[in-house]
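Secondary and tertiary structure notes
The residues making up each chain are set out below.
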Amino acid sequence: MLNREQASALLEWAGAQNPGPWTQHSLHVARAAEAIASRCGMDAGRAWVLGALHDIGRWEGVRALHHAIAGYRLMMEKGDPGAARICMTHSFPIADPSVYLGEWDVDEAEYAWIVGYIARCEMDDFDRLIQLCDAMCLPQGVCLIEKRLIDVALRHGVLANTPEKWRAVFAIRDQFERRMGTSIYAPFDEAVSNTFAAPIG
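Notes on the structure in this doc start here.

1. Regarding the packing of helix H1 (residues 4-17) against helix H3 (residues 44-53)
Contact pair H1 / H3: the axes reach a minimum separation of 9 Å and the direction vectors enclose 10°. Judged by the inter-axis angle, H1 sits roughly parallel to H3. Contacts between H1 and H3 involve Arg4, Ala7, Ser8, Leu10 and Leu11 from the former and Trp48, Val49, Ala52 and Leu53 from the latter. By residue class, the composition of the contact of H1 with H3 is seven nonpolar, one polar and one charged.

2. Section: the packing of aromatic side chains
Per the stated rule, a full pass over the model turns up seven aromatic pairs. An aromatic cluster of three or more residues is present, and its members are Phe92, Tyr100, Trp104 and Tyr111. Its guanidinium or amino end placed over the ring of Trp48, Arg4 lies 4.3 Å from that ring's centre, counting from NZ or CZ.

3. Remarks on the nonpolar core
Across soluble globular proteins, you tend to see nonpolar side chains buried next to one another. If you look at the biggest cluster of nonpolar residues, it comprises 65 residues, and the most contacted ones within it are Ile36, Met75 and Met136. The biggest single contributor to this core is helix H2 (residues 22-38), with eight residues. If near-sequence neighbours (up to four positions away) are discounted, Met136 is found in contact with Ile36, Gly141, Val142, Cys143, Ile145, Arg148, Ile184, Tyr185 and Phe188.

4. Comments concerning helix H6 (residues 108-120)
Over its 13 residues, H6 extends 18 Å from the first C-alpha to the last, a length consistent with the 18 Å expected when each residue adds 1.5 Å. Measuring from the backbone nitrogen of Ala109 back to the side-chain oxygen at the start of H6 gives 3.1 Å, which picks out Asp107 as the cap.

5. Some points on the state of the cysteines
Throughout the structure, instances matching the rule amount to zero disulfides. With no disulfide of its own, Cys133 lies closest to Cys137 among cysteine sulfurs, the gap being 5.9 Å. Residue class for Cys137 comes out buried when judged on its relative accessible area of 0%.

6. Quick look at the packing of helix H4 (residues 66-77) against H6
At a minimum axis distance of 11 Å, the contact between H4 and H6 shows a crossing angle of 75°. Between H4 and H6, the interaxial angle falls into the category roughly perpendicular. Side by side, H4 and H6 meet where His66, Ile69, Tyr72 and Arg73 of the first sit next to Glu110, Trp113, Ile114 and Tyr117 of the second. Within the contact of H4 with H6, the residues separate by chemical class into five nonpolar, one polar and two charged.

Calculation criteria
- Residues numbered from 1 in each chain as written.
- Predicted model: local features only at pLDDT ≥ 70, side-chain atom pairs only at ≥ 80, totals over all residues.
- Heavy atoms only, no water.
- Axes fitted to C-alpha atoms, helices over the stretch in contact; angles between N-to-C directions.
- Helix = DSSP H or I, 4+ residues; strand = E, 2+ residues; numbered from the N terminus.
- Parallel < 35°, antiparallel > 145°, perpendicular 65-115°, else oblique.
- Contact = heavy atoms within 4.5 Å.
- Nonpolar A, V, L, I, M, F, W, Y, C, P; charged D, E, K, R; others polar.
- Phe/Tyr/Trp six-rings, centres within 6.5 Å; stacked < 30°, edge-to-face > 60°.
- Lys NZ or Arg CZ within 6 Å of the ring centre and 35° of its normal.
- Core = buried A, V, L, I, M, F, W, Y, C linked by side-chain atoms within 4.5 Å.
- Buried < 20%, exposed > 50% of the residue type's maximum accessible area, 1.4 Å probe, protein only.
- Expected span 1.5 Å × (residues − 1).
- Polar contact = N/O pair within 3.5 Å; in protein donor to acceptor, adjacent residues only side chain to side chain.
- Disulfide = S-S within 2.5 Å.

Shown next, in the form of C-alpha cells:
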C-alpha cells in the first residue's frame, strides 16, 4: 500500500502532467476523508491516501470516464490494489455504470471491463467514504453536497437515473452522520462560505 508521502509525490507528478483544479479537489477530498474517518474509527491515514489518489488517472490529460481506468492501471502498477479500486468506484455510488455523468471515452473492451468490474465489486466503507467526499469537495474546499452535484450536472448534464445516484449519495451521507453523531460538515469551517461564495458550473 502507498503511504502519504508516496501519494503526495504521485499527485504532484500527475498535476505536472495535466495541470488543473482537479489536483486541489483531490487534496480537499483527502482532507475531508481523513477528518471523517478519524471520527468514525477508520484508518484516517489510509483515507487520506485514497482521497488524494481517487482521480489520479487524470494524469493522462483531459479525459472523462477514461480517468477511472487509467487510475486503476497506474495504482495496480504501483502495487496498491485498494487505491486502484477506489479509482474505479468513486464515480459509482450505485453499482450501475449507466449513472455516470460524462463521456464514455473508452473503447469497447474497456467499456465491457468497467461494466463487469463495477458489477462484481463489493464496496466497503472506504469506497463509500471517498464517494461521499468526492461529492462534497470543490477545488476551493468542502461545500454542501447539493452545490457539488449541481456543479457536476451543469458541466455534464443529467440522465433519467441521475436522481437515483443523488439519493445514493445522500444515503451515504446519512450513514456517516450516524457514525459521527453529527453533521459531516461539522469539521469544516469553510463549508458555508464555499457553498455561497465559490463559483459554480
